[in-house]
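Summary of structural features
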Amino acid sequence: MKFLVAVHKQPGTSYGVTVPDFPGCHSAGETVEQALESTLEAIEGWIATSLEAGDEVRFEATPFEQLRDSPDYAGAFWAVVDVDPTEFAIQPECFAISVPRFVLSQIDAYAKARKETRGGFLVRAALEKIRKDEAYA
């Protein structure tokens, strides 16, 4: 899905990007290309953070005609970034994995002691591992 972004450039500064359809989402880069590339990362982070917080994320692009005269974007030029909303689908998806029985019994005991489901525990553990590794990347 394509979203309009406002690109600002003041003398002596990097290119700044504002994403109107994701309030508070901004990025920057030394070149327009870098700024737009970091915009995709900023949008992905904004969406992920919003979903983790339990906020509703709407994938609705605002028409240019509604944005062009806003004083918030005075002096900006417009670009388009393409975001795939399916990457952020939050509906549960079922999949099968094979786990040794003794490991599964340990997972179940651990989850039960913490009043979690097996799936909930595995998802939480995976996300914690990913965040930890990203912090050290």
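Residues numbered from 1 in each chain as written. Predicted model: local features only at pLDDT ≥ 70, side-chain atom pairs only at ≥ 80, totals over all residues. Heavy atoms only, no water.

Some remarks on the overall build of the protein
Helix and strand counts for the protein stand at 4 helices and 4 strands. When the elements of the protein are put in sequence order from the N terminus, they spell out β-β-β-α-α-β-α-α. In terms of overall dimensions, the protein is more spread out than a globule: its C-alpha atoms have a radius of gyration of 20 Å, far above the 14 Å expected for 137 residues. With the C-alpha coordinates aligned to their principal axes, the bounding extent of the protein is approximately 65 × 30 × 25 Å. Contacts spanning at least 24 positions in sequence make up 51% of the contacts within the protein whose residues lie at least 6 apart. (Helix = DSSP H or I, 4+ residues; strand = E, 2+ residues; numbered from the N terminus. Rg over C-alpha atoms; globule rule 2.2 N^0.38 Å. Contact = heavy atoms within 4.5 Å.)

Quick look at the pattern of salt bridges
A full pass over the atoms with the stated rule returns 7 salt bridges. In this structure, Arg124 and Glu116 form a salt bridge, with 2.8 Å as the shortest nitrogen-oxygen distance. Because the salt bridges share partners, they merge into one network encompassing Glu116, Arg124 and Glu128. (Salt bridge = Lys/Arg side-chain N within 4 Å of Asp/Glu carboxyl O.)

A look at a nonpolar patch on the surface
There is a patch of nonpolar side chains on the surface, built from Phe95, Ile97 and Leu122 and spanning about 320 Å² of accessible area. Within the secondary structure layout, Phe95 lies in the loop between strand S4 (77-82) and helix H3 (101-113). (Patch = residues over 30% accessible without salt bridge, like charges linked within 9 Å, V, L, I, M, F, W, Y side chains within 5 Å. Areas by Shrake-Rupley, 256 points an atom, 1.4 Å probe, with all protein chains shown as cover.)

Examining the sheet that holds strand S3 (residues 26-29)
The strand order across the open sheet built from 4 strands is S3-S2-S1-S4, with neighbouring strands paired in antiparallel fashion. Whereas interior strands pair on both sides, the edge strands pair on one side only; in this sheet they are S3 and S4. Each neighbouring strand pair of the sheet contributes to a mean axis angle of 30°, computed without reference to strand direction. For strand S1 (residues 2-9) and strand S2 (residues 15-18), the ladder comprises 4 bridges, and the chain directions are antiparallel. Paired with Ala6 across the strands is Thr18, a residue of S2. Sheet strands in contact with helix H1 (residues 32-52) are S1, S2, S3 and S4, and its direction is about 150° off that of S3. (Pairing = 2+ DSSP bridges. Axes fitted to C-alpha atoms, helices over the stretch in contact; angles between N-to-C directions.)

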